Amino acid sequence: MKFTVKSRGDHDSNMITQKIKNYLQEFELTYNSEEPDVVISVGGDGTLLEAFHEYTDRLYDTAFVGVHTGHLGFYADWKPDEVEKLVIHIAKTPFKIVEYPVLEVVVRHHGEQKTERFLALNECSVKSTEGSLVMDIEIKGDLFETFRGDGLCISTPSGSTAYNKALGGAILHPSLSTIQLAEMASINNRVYRTIGSPLVLPQHHTCLLKPLNDVDFQVTIDHKTLLQKEVKSIQCRVAEEKVRFARFRPFPFWKRVKESFITD
Ligand code: NAP
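Computed from a predicted structure; not experimentally measured. (Residues numbered from 1 in each chain as written. Predicted model: local features only at pLDDT ≥ 70, side-chain atom pairs only at ≥ 80, totals over all residues. Heavy atoms only, no water.)

### Thoughts on the packing of aromatic side chains
Right, on to step 1. Under the criterion given, the structure shown has nine aromatic pairs.
Right, on to step 2. An aromatic cluster is defined as three or more aromatic residues linked by ring pairs; in this entry it consists of Phe-74, Phe-253, Trp-254 and Phe-261.
Right, on to step 3. We note Arg-256 situated over the ring of Phe-74; from NZ or CZ to the ring centre the distance is 5.8 Å.
Right, on to step 4. The residue whose ring lies beneath Arg-256 is Phe-251, and the NZ or CZ to ring-centre distance is 4.8 Å. (Phe/Tyr/Trp six-rings, centres within 6.5 Å; stacked < 30°, edge-to-face > 60°. Lys NZ or Arg CZ within 6 Å of the ring centre and 35° of its normal.)

### Quick notes on the nonpolar core
Right, on to step 1. Counting 28 residues, the largest nonpolar core has Val-105, Leu-209 and Ile-234 as the members making the most contacts within it.
Right, on to step 2. Aside from chain neighbours lying at most four places away, what touches Ile-234 is Val-105, Val-106, Val-107, Val-126, Met-135, Cys-207, Leu-208, Leu-209, Phe-217 and Val-219. (Core = buried A, V, L, I, M, F, W, Y, C linked by side-chain atoms within 4.5 Å. Buried < 20%, exposed > 50% of the residue type's maximum accessible area, 1.4 Å probe, protein only. Contact = heavy atoms within 4.5 Å.)

### Here we look at the domain arrangement of the protein chain
Right, on to step 1. In terms of domains, the protein chain is made up of domain 1 (2-95 + 248-261) and domain 2 (102-240).
Right, on to step 2. Averaged C-alpha coordinates put domain 1 and domain 2 at centres separated by 30 Å.
Right, on to step 3. For the domain 1 face of the interface with domain 2, the top three residues by lost area are His-53, Tyr-75 and Phe-253, together amounting to 38%.
Right, on to step 4. For the pair domain 1 and domain 2, the number of links is zero salt bridges.
Right, on to step 5. Between domain 1 and domain 2 we count two residue pairs in polar contact (both at pLDDT 80 or more) in total.
Right, on to step 6. Of the residues forming the side of domain 1 that touches domain 2, the biggest block, five residues, is contributed by helix α2 (residues 45-54). (Domains from an automatic or database assignment. Buried area = accessible area lost by both parts, 1.4 Å probe. Salt bridge = Lys/Arg side-chain N within 4 Å of Asp/Glu carboxyl O. Polar contact = N/O pair within 3.5 Å; in protein donor to acceptor, adjacent residues only side chain to side chain. Helix = DSSP H or I, 4+ residues; strand = E, 2+ residues; numbered from the N terminus.)

### Quick notes on a negative patch on the surface
Right, on to step 1. A surface patch of negative charge is lined by Glu-112, Glu-130, Asp-214, Asp-216 and Glu-230.
Right, on to step 2. Tracing the sequence through the fold places Asp-216 in the loop between β12 (207-211) and β13 (217-221). (Patch = residues over 30% accessible without salt bridge, like charges linked within 9 Å, V, L, I, M, F, W, Y side chains within 5 Å. Areas by Shrake-Rupley, 256 points an atom, 1.4 Å probe, with all protein chains shown as cover. Lys, Arg positive; Asp, Glu negative; His and termini not counted. Charge placed at Lys NZ, Arg CZ, Asp CG, Glu CD.)

### Here we look at empty space enclosed by the protein
Right, on to step 1. The full count for this structure, using the stated rule, is two cavities of 30 Å³ or more.
Right, on to step 2. Size it by volume and the largest cavity reaches roughly 60 Å³.
Right, on to step 3. As for the largest cavity, its lining consists of Phe-74, Tyr-75, Tyr-100, Ser-158, Pro-174, Phe-245, Arg-247, Phe-253 and Arg-256.
Right, on to step 4. Within the residue set of the lining of the largest cavity, elements represented by two or more residues are β15 (231-247) and α5 (253-261).
Right, on to step 5. For the lining of the largest cavity, the class distribution of residues is six nonpolar, one polar and two charged.
Right, on to step 6. Empty space within the second largest cavity amounts to approximately 40 Å³.
Right, on to step 7. Taken together, Asp-77, Trp-78, Ala-246, Arg-247, Phe-248, Arg-249 and Phe-251 make up the lining of the second largest cavity.
Right, on to step 8. Its residues placed into classes, the lining of the second largest cavity shows four nonpolar, no polar and three charged. (1 Å grid on protein atoms, 1.4 Å probe; cavity = no way out; pocket = protein on both sides within 12 Å on 5 of 7 lines; lining within 4 Å. Points joined across faces, edges and corners; volume = space filled by probe spheres on them. Nonpolar A, V, L, I, M, F, W, Y, C, P; charged D, E, K, R; others polar.)

Structure (structure tokens):
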């Protein structure tokens, strides 16, 4: 089996990364950062997001596992003092794979055929950099509403505990093949009206955002911000691809939610 280890880059994460690399090579696993079967991220959820983006072209062949070094660790659920245990699991036991949906984002530009396609593990957010963002929101081909406000966040169920949660969105179990659309400070009065509640769309419903004014806005895919110009539409839906996590022991989602946000 081929593996790679991705570190957040701080001293502790680098030490643990080296330790994992040495142990796994002692077990005669092959270090291969080009075509890994397993990607171990050492750091926080941000590190796992980076690892995901590095291997989006190999999602069918790669499984992710995260070790957290001090941060929240929603995705990164192994602790540094469990590294030996984790290494033995990876080397010796066949592991279970759990697959969760990811978000597909297609950005189309005015006056050109060019389209850009992205995958997000957490979410895509669209935010104005000055003034209000005004966008038509179409769902499954029909105009649903005209949004006016700070921005919109379209998240995966795995990302529902991240930015989406801060916007009052629901926490969704990551086994659900859905995307969630949450508003950022919408303007609601007699003139402008939006639904005001987060919407959860099933797999076969596409959500299309069409900018109506020419304010500058930024599109962020997980941790990466893209400055977009001349955007005609942003299309979001559940992607064909899925993210695969290597599971070596049960770690129920609701337990993780409780331990991360209420009490451990
Ligand atoms: P960051 O601003 O350095 O950290 C964002 C925080 O979100 C970190 O504590 C991170 O955990 C945590 N996180 C990431 N994914 C999560 C998930 N699925 N469930 C629960 N918590 C999660 O940014 P970053 O590390 O590059 O991560 C980018 C993410 O930040 C975006 O995808 C977005 O979801 C989130 N974000 C949140 C807000 C907000 O809540 N107001 C605003 C902007 C962006 P670790 O500490 O373990 O890395």
